[in-house]
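Observations on the three-dimensional arrangement
Now for the letters of each chain:
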Amino acid sequence: MRIAVGIVHGIGQQTGDFHTAFAEKLQEAMVRLNPRVRLVVEGIYWGDITDSLEKKLWERTSASRLRWNETLKLRAFVVNYLGDAIAYQAIPKTSDPCPHDYIYDDIHARFAQQLQRLSRRAGEGAPLCIVAHSLGTIIASNYFYDLQYRKMRPKPADFVRSCRSRLVGGETLTHFYTVGSPIALWTMRFEHFGLPISVPAPALRPLGIGEWLNFYDRDDIIAYPLKGLNAEYAAAVTEDVEVRCPGPLGWTPASHGGYFKSKPMLQRIVQSLDRMSRTVPCGLPER
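Procedures and definitions
- Residues numbered from 1 in each chain as written.
- Predicted model: local features only at pLDDT ≥ 70, side-chain atom pairs only at ≥ 80, totals over all residues.
- Heavy atoms only, no water.
- Helix = DSSP H or I, 4+ residues; strand = E, 2+ residues; numbered from the N terminus.
- Expected span 1.5 Å × (residues − 1).
- Buried < 20%, exposed > 50% of the residue type's maximum accessible area, 1.4 Å probe, protein only.
- Core = buried A, V, L, I, M, F, W, Y, C linked by side-chain atoms within 4.5 Å.
- Contact = heavy atoms within 4.5 Å.
- Pairing = 2+ DSSP bridges.
- Right-handed = clockwise from strand over helix to strand, strands pointing away.
- Axes fitted to C-alpha atoms, helices over the stretch in contact; angles between N-to-C directions.
- 1 Å grid on protein atoms, 1.4 Å probe; cavity = no way out; pocket = protein on both sides within 12 Å on 5 of 7 lines; lining within 4 Å.
- Points joined across faces, edges and corners; volume = space filled by probe spheres on them.
- Nonpolar A, V, L, I, M, F, W, Y, C, P; charged D, E, K, R; others polar.
- Phe/Tyr/Trp six-rings, centres within 6.5 Å; stacked < 30°, edge-to-face > 60°.
- Lys NZ or Arg CZ within 6 Å of the ring centre and 35° of its normal.

1. Observations regarding helix α5 (residues 135-148)
End to end, α5 covers 20 Å across 14 residues, agreeing with the expected 20 Å (1.5 Å per residue, within 8%). Here α5 lies mainly inside the structure; eleven of its 14 residues are buried. Every buried residue of α5 is listed here: Leu135, Gly136, Thr137, Ile138, Ile139, Ala140, Ser141, Asn142, Tyr143, Phe144 and Asp146. With its phi angle positive at about 55 degrees, Arg150 sits one or two positions after the end of α5.

2. Details of the nonpolar core
Core analysis: the biggest nonpolar cluster contains 81 residues, and Phe111, Leu115, Ile130 and Trp212 have the highest contact counts within it. With eight residues, helix α4 (residues 103-122) is the largest single contributor of residues to this core. Apart from residues lying up to four places away in sequence, Trp212 is in contact with Phe176, Thr178, Ile183, Pro196, Ile197, Val199, Leu226, Tyr233, Ala236, Val237, Thr238 and Glu239.

3. Let's talk about the pairing of strand β5 (residues 211-216)
Burial runs high along β5: six of the six residues are buried. Of the two faces of β5, the one lined by Glu211, Leu213 and Phe215 and the one lined by Trp212, Asn214 and Tyr216 are each fully buried. Relative to β5, strand β4 (residues 173-179) runs parallel, the two being bridged by five bridges. Within β5, the residue paired with Tyr177 across the bridge is Leu213. Across four bridges, the pairing between β5 and strand β6 (residues 239-242) is parallel. In the strand pairing of β6, Leu213 is matched with Glu239. Traced from β5 through helix α8 (residues 231-236) to β6, the parallel crossover comes out right-handed.

4. Quick word on the sheet that holds strand β1 (residues 2-8)
An order of β2-β1-β3-β4-β5-β6 is seen for the six strands of this open sheet, with the pairing classed as parallel. Of all the strands in the sheet, just β2 (38-44) and β6 have a single pairing partner and so form its edges. Each strand axis lies, on average, 20 degrees off the axis of its neighbour in the sheet, ignoring direction. Along the sheet, α5 contacts β1, β3 (128-133) and β4; its crossing angle with β3, the most-contacted strand, is approximately 140 degrees.

5. Side note on the environment of Asp158
Residue position: Asp158 is located in helix α6 (residues 154-163). Separated by 49 residues in the primary sequence, Asp158 and Ala109 place their C-alpha atoms 8.9 Å from one another.

6. Focus on the layout of surface pockets
Its boundaries defined by the atoms lining it, the largest pocket holds a volume of some 540 Å³. As for the largest pocket, its lining consists of 22 residues, of which Leu147, Arg150, Gly169, Gly170 and Glu171 are closest to the centre. Within the residue set of the lining of the largest pocket, elements represented by two or more residues are α5 and α6. Taken together, the residues of the lining of the largest pocket break down into ten nonpolar, four polar and eight charged.

7. What about unusual backbone geometry?
Glycine aside, negative phi is the norm for most residues, and most peptide bonds take the trans geometry. Cis geometry marks the peptide bond from Val199 to Pro200; its omega dihedral reads 0 degrees. Tracing the backbone shows Pro200 in the loop between α7 (183-186) and β5. Positive phi outside glycine occurs at His192, with the angle close to 60 degrees. Structurally, the position occupied by His192 is in the loop between α7 and β5.

8. Let's talk about the packing of aromatic side chains
Under the definition given, this model contains ten aromatic pairs. Arranged with centres 4.7 Å apart and planes meeting at 40 degrees, the rings of Phe22 and Phe260 form a pair that is tilted. Of the two residues, Phe22 is situated in helix α1 (residues 20-33) and Phe260 in the loop between β6 and α9 (263-279); the sequence distance between them amounts to 238 residues. A relative accessible area of 3% means that Phe22 is categorised as buried. Linked through ring pairs, Tyr88, Tyr104 and Trp186 together constitute an aromatic cluster. For the cation-ring pair, Arg153 lies above Tyr102, with the distance from its terminal atom to the ring centre recorded as 4.0 Å. The positively charged end of Arg189 is found above the aromatic ring belonging to Trp186, 4.2 Å away from the centroid.

Shown next, in the form of structure tokens:
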């Protein structure tokens, strides 16, 4: 059985190979647990879309000459981390916008393109597992929310339609793992903290497979539990799981960057994917 796994990065400067170490650990753990399951993994990389704006900001404000650069690099930290979250908004990139000129749209179109790569490798009907970190949890949640609630904007919607892939269209989503997630902060934009996505995808719920686990470290000031937001989140999120991020800074706010080194988190993921493979050994049903 093939399971498609998309790994989504979070805030801060990233490279296109950000996911490789964790992908290898996932695949090795699954081989030990159940060698009949093949995890087909892709990184969902969107950081270059916001990096260009952040570089322009750095240059135009002469930030390199301001205080707190040479020693603590605090301004670079603020621009790289907060800049991603601020840039990811459904607002025009120019004062004379066209319907396709939004950073939000660009990132969601990239998300769909990376899912298409997964679809080609794993099959368009393969179960889809998303492991998302930090701001990437908001991006992933919004992508599937827009699909499930029919709110997807023109640019990504056109690409999704052109693919004609169940996986790209979110129809095969079975597992969602939010890691160090600020979704709780994002929901402050909405009355009563908004509505969550359905995991698994609505059509798959009768199969009794899949889950949404929200991993957080209590020292991570960016991550929050989700089940307490409202009744809808309480029902949608399977469990808020506290983990301790390893490393010398795991007891500080810097723990935000350590989740992908957590062995308990990795084991929970592969064990759940293994259970699904035994529940639906022939894969997901056709449309």
